[in-house]
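Structural overview
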Amino acid sequence: MLKSLLRLQDGVYITLLEFYLWYAIMKMWKRKKVQPSLTSGALLGAASGLNGIHAWKSIFEIHCDSPEKNLKTFFGHLLLGLLIFGVFSALTYKLTSDRNS
């Protein structure tokens, strides 16, 4: 029971970290400290992906009926998907902010 509560607390911290990460990047883009680009989007996606992998590992550890198969493919797809999401977030932000200014 205690292990489950600690993992749940870990999940809450991971979620808060994820929100803070996206918020901080958006603020840096808005204040022009970091330019929205392929690189900054990929770094944001990579950080988000690693955070997501950690979160899913925690969830699979506390779940009573977690899958027995190898999850490396799942985690690889998760990381790739968040990399792509980060790049397109940066490009979309750049396109929309250029129109508004």
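Along each chain, residue indices are assigned from 1 in the same order as the chain's sequence is written. Only residues with pLDDT of at least 70 get local features here, since the model is predicted, and only at 80 or more are side-chain atom pairs given and counted; chain-wide, interface and lining totals rely on the full set of residues. Remark: hydrogens and water are excluded; side-chain values derive from all non-hydrogen atoms of the structure.

1. Description of the confidence of the model for the chain
One number per residue, pLDDT, summarises how confident the predictor is, and it ranges from 0 to 100. Here the chain shows a mean pLDDT of 82. Residues at 70 or above account for 86%. Put simply, DSSP marks the helices as runs of H or I at least four residues long and the strands as runs of E at least two long, and each gets a number from the N terminus on. The secondary-structure element of the chain with the lowest mean pLDDT is helix α1 (residues 2–30), recorded at 74, while helix α3 (residues 72–100) shows the highest, at 88.

2. Observations regarding helix α2 (residues 38–62)
Along its 25 residues, α2 runs 36 Å from first to last C-alpha, staying within 8% of the 36 Å computed at 1.5 Å per residue. Any residue under 20% of the maximum accessible area for its type is buried, any over 50% is exposed, and the rest in between are partly exposed; the area is computed with a 1.4 Å probe on protein chains only. Within α2 the residues assigned to the buried category are Ser40, Gly41, Leu44, Gly45, Ser48, Gly49, Asn51, Gly52, Ile53, Ala55, Ser58 and Phe60. One less than the residue count of a helix, multiplied by 1.5 Å, gives the span that helix is expected to have.

3. Quick look at a nonpolar patch on the surface
Like charges within 9 Å and nonpolar side chains (Val, Leu, Ile, Met, Phe, Trp, Tyr) within 5 Å are joined into patches, using only residues over 30% in relative accessible area that form no salt bridge. The accessible surface values rely on the Shrake-Rupley method and a 1.4 Å probe; as for residues, cover is taken only from the protein chains in view. When a carboxyl oxygen of Asp or Glu lies within 4 Å of a side-chain nitrogen of Lys or Arg, that pair is called a salt bridge. A surface patch of nonpolar side chains, about 470 Å² in accessible area, is lined by Leu38, Leu80, Ile84, Phe88 and Leu91. The element that contributes the greatest number of residues to the nonpolar patch is α3, accounting for four residues. Looking at where Ile84 falls in the secondary structure, it is placed in helix α3. Owing to a relative accessible area of 44%, Ile84 belongs among the partly exposed residues under this scheme.

4. So, the packing of aromatic side chains
One pair of aromatic rings is described through two measures. These are the centre distance and the angle between the planes. Only centres within 6.5 Å qualify two rings of Phe, Tyr or Trp (six-membered ring in Trp) as a pair; their planes then separate them into stacked at under 30 degrees, edge-to-face at over 60, and tilted for everything else. Scanning the entire structure with this criterion turns up three aromatic pairs. Geometrically, the ring pair formed by Trp29 and Tyr93 is tilted, given 5.3 Å between the ring centres and 35° between the ring planes. Taken together, the residues span a long stretch of sequence, with Trp29 in helix α1 and Tyr93 in helix α3 at a distance of 64 residues. Here Trp29 and Tyr93 have matching classes, each one buried. Taking the centre distance of 5.6 Å and the plane angle of 90° together, the rings of Trp56 and Phe74 count as edge-to-face. Taken as a pair, Trp56 in helix α2 and Phe74 in helix α3 lie far apart in primary sequence, 18 residues in all. Relative accessible area serves as the criterion here: at 35%, Trp56 is assigned to the partly exposed category. Judged by its relative accessible area of 33%, Phe74 falls in the partly exposed class. An aromatic cluster of at least three residues, connected via ring pairs, comprises Trp56, Phe74 and Phe75.

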